[in-house]
Amino acid sequence: MATQLVELLTLAGARVKRKSANARTGQEVQFLRSLIDIFMAAPEKFHGAALDEFDGLVCALCANADPETRQAIGARLAHSADAPRRVLKQLARDDISIAESILRLSPNLKDDDICAIIRARGIAHHRAIANRFDLSYAVSEALLALNNEVITISLLKNQRAHFRPHVLEALVDQSRKLTSLQAPLVNRFDLSPALLTRLYFYVPAALKSQILNRSDHLEPALIDEAIQINRASLFHPGQDKEHLRHSVYQRSIQGHLTEVQLRALISERKIDEFIFAFAYLAGLDEDAVKTILNDSRFEALAIACRALEIHRDLFSRLVFGVLLEGRDKAKALRILDLYLKVPPDAAKKLMRLWRLRSKAVQNANQTIILDAKATATRRSDKRQTA
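Keep in mind that what you see is a predicted model, and the values were worked out from it rather than measured.

Student: Looking at this structure, how should I read the nonpolar core?
Tutor: Generally speaking, a soluble globular protein has its nonpolar side chains buried in company with each other. Formed by 112 residues in total, the largest nonpolar core has its most connected members in Leu-301 and Trp-354. In this structure Trp-354 touches Thr-197, Phe-201, Leu-284, Ile-292, Ala-300, Ile-303 and Ala-304, once residues within four positions along its chain are discounted.

In structure tokens, the structure reads:
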């Protein structure tokens with residue numbers, strides 16, 4: 001059967017080649033459509049030499065076919081995991097009305113094929129690829145390399161596009177100035193807690209609310225686990241300033257680590273010990289606390305203090321007695337007003353994300369994700385296959 005199929009396809013191919021390149025007869029169009037019908041009915045019969053002959057024949061017929069026929073052929077082959085790659089690549093480089101279904105849907109286009117099309121064609125093809133059902137790291141990065149805002153936004157909106165962590169981090173940093181990227185980034189369900197918290201401090205109020213709502217989908221047990229991991233990371237033996245860590249550890253197991261103790265550490269100017277103690281009470285790692293204290297606008301510190309229900313007086317002592325010592329204190333009223341304006345419930349939600357951002361937590365559980373991710377991906381799949 002396979003041999004007969006190859007012979008028939010070879011004879012048909014020879015007949016097509018004898019035709020004029022400009023010949024576009026109704027018979028040839030019908031023959032092309034019939035070939036596709038036969039293939040789609042039993043693609044498993046086309047393999048090896050038979051598939052090669054079929055591929056070459058369809059390519060030759062499509063080259064002479066009218067746009068409407070090429071569009072119809074492309075739409076049918078786009079859904080086939082067995083479609084021959086030569087004709088797929090040919091149609092994917094065609095006018096966008098013909099290429100779009102293949103670029104968006106075909107599972108048989110390889111990364112090399114797609115990247116070659118990105119280099120060869122323009123924005124219409126790029127947009128179709130950005131909305132593709134599944135995009136690898138390589139293809140996503142090839143699209144980002146175009147440095148086209150429209151394409152980058154389309155790509156970020158595609159929940160099935162894959163990004164390496166350092167690429168997402170670069171996009172988050174870029175969104176500080178290119179604000180059109182902020183909403184698509186906030187809505188990505190593969191954005192890590194660390195990057196969500198980074199975004200929080202420079203997106204508008206509506207997007208801040210969305211970030212906080214994301215934290216509602218986190219399992220309480222996951223947060224409890226993160227707190228324990230972060231606290232354990234503070235007391236690894238052999239680290240710098242081990243005596244300070246030991247002091248904090250002793251107070252914690254004796255139940256003496258409270259807001260009163262934090263006040264005492266500030267009064268005694270024991271800042272390093274304060275950082276460890278604050279980290280322990282917050283369930284954060286040391287790096288997170290240093291990031292909070294280094295925020296020159298003090299918004300991060302206000303949020304952390306509100307989340308831990310630390311009194312405004314201690315917040316004020318920390319800001320004006322330590323962080324602003326010897327510097328301009330004209331910000332006093334604005335900073336204290338900032339503390340009062342932070343809703344405690346919102347602060348606690350953001351604290352959940354902060355607790356998940358540490359490297360220790362990520363290393364302990366590489367599968368930490370928001371529960372909403374799976375639901376969002378399923379919805380995205382339904383939209384793209386509709």
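Student: Just to check I follow, could you spell out the environment of Ala-307 for this structure?
Tutor: Mapped onto the elements of the fold, Ala-307 is located in helix α20 (residues 299-307). Linking Ala-307 and Asp-345, residues 38 residues apart in sequence, is a C-alpha distance of 7.3 Å. Not counting the four nearest positions on each side in its chain, Ala-307 is found in contact with Ala-347, Lys-348 and Met-351.

Student: I'm lost on the packing of helix α15 (residues 220-234) against helix α23 (residues 344-356) in this one. Help?
Tutor: When two helices pack together, their arrangement is given by the angle between the helix axes and the distance between those axes. Direction vectors running N to C along α15 and α23 enclose 55 degrees, while the axes themselves pass 9 Å from each other. Comparing their axes, α23 and α15 come out oblique. Between α15 and α23 lies a crossing of left-handed hand. Counting all contacts with α15, which are made through Leu-222, Ile-223, Ala-226, Ile-227 and Asn-230, the residues of α23 involved are Arg-352, Arg-355 and Leu-356. In terms of residue class, the contact of α15 with α23 is made up of five nonpolar, one polar and two charged.

Student: Honestly, the environment of Arg-297 in this entry has me stumped. Any pointers?
Tutor: By secondary structure assignment, the location of Arg-297 is in the loop between α19 (286-293) and α20. When residues no more than four places from it in sequence are discounted, the contact partners of Arg-297 are Phe-201, Arg-334 and Leu-338.

Basis of the calculations
- Residues numbered from 1 in each chain as written.
- Predicted model: local features only at pLDDT ≥ 70, side-chain atom pairs only at ≥ 80, totals over all residues.
- Heavy atoms only, no water.
- Core = buried A, V, L, I, M, F, W, Y, C linked by side-chain atoms within 4.5 Å.
- Buried < 20%, exposed > 50% of the residue type's maximum accessible area, 1.4 Å probe, protein only.
- Contact = heavy atoms within 4.5 Å.
- Helix = DSSP H or I, 4+ residues; strand = E, 2+ residues; numbered from the N terminus.
- Axes fitted to C-alpha atoms, helices over the stretch in contact; angles between N-to-C directions.
- Parallel < 35°, antiparallel > 145°, perpendicular 65-115°, else oblique.
- Left-handed = near helix turned anticlockwise from the far one by under 90°.
- Nonpolar A, V, L, I, M, F, W, Y, C, P; charged D, E, K, R; others polar.

Nothing here speaks to function; it is geometry throughout.
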